[in-house]
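Below, each chain spelled out in residue letters.
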Amino acid sequence: MPELWYEEASDPSAKIAALGFTAKVVRLNPEGIADPQEWFVAGQIPGPGTWLTSTLRPAP
């Protein structure tokens, strides 16, 4: 998993998609910044450096 902290939210989603995964974006302050263009990564799970595995199996 690459380190994604403090990047704008759309950039990390694209990086995760390029690795073959789907990012789940969770807004931490629902009453705060409403425009997704202003969101940034304040934390991530799994953390940077974690090896990712897919549950998908290759087609036979």
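All of these numbers come straight from a predicted model, not from anything done at the bench. (Residues numbered from 1 in each chain as written. Predicted model: local features only at pLDDT ≥ 70, side-chain atom pairs only at ≥ 80, totals over all residues. Heavy atoms only, no water.)

This next bit is on the overall build of the protein chain. In terms of regular secondary structure, the protein chain is built from 1 helix and 0 strands. Taking all 60 residues of the protein chain together, 13% fall into the buried category. For the protein chain, the share of sequence-separated contacts (at least 6 apart) that also reach a separation of at least 24 residues comes to 65%. Just so you have it, the protein chain exposes about 5100 Å², and 59% of that area is on carbon and sulfur atoms. (Helix = DSSP H or I, 4+ residues; strand = E, 2+ residues; numbered from the N terminus. Buried < 20%, exposed > 50% of the residue type's maximum accessible area, 1.4 Å probe, protein only. Contact = heavy atoms within 4.5 Å. Areas by Shrake-Rupley, 256 points an atom, 1.4 Å probe, with all protein chains shown as cover.)

Looking now at a nonpolar patch on the surface. Together, W5, Y6 and F40 make up an exposed nonpolar region whose accessible area comes to about 390 Å². Tracing the backbone shows W5 in the segment before α1 (10–18). By relative accessible area, which is 37% here, W5 ends up partly exposed. (Patch = residues over 30% accessible without salt bridge, like charges linked within 9 Å, V, L, I, M, F, W, Y side chains within 5 Å. Salt bridge = Lys/Arg side-chain N within 4 Å of Asp/Glu carboxyl O.)

Quick look at the environment of L52 now. Relative to the assigned elements, L52 resides in the segment after α1. Taking the C-alpha atoms as reference, L52 lies 9.4 Å from L19; in sequence the two are 33 residues apart.

Attention now moves to the environment of I16. Relative to the helices and strands, I16 is located in helix α1. Judged by its relative accessible area of 7%, I16 falls in the buried class. As for I16 and P2, which are separated by 14 residues in sequence, their C-alpha atoms are 8.5 Å apart. Ignoring anything within four residues of it in the chain, the contact list for I16 reads M1, L4, F21, T22 and A23.

Turning to the pattern of salt bridges, a few remarks are in order. All told, the structure shown has 1 salt bridge when counted by the stated rule. Of the charged contacts, one joins K15 and E7 as a salt bridge, the two residues approaching to 3.0 Å between their closest N and O atoms. According to the relative accessible area criterion, K15 is partly exposed, its value standing at 39%.

What follows is about the side chain of E7. With respect to the helices and strands, the residue E7 is situated in the segment before α1. With a relative accessible area of 19%, E7 lands in the buried category. What E7 contacts, discounting residues up to four positions off in sequence, is P12, K15, W39, F40 and V41.

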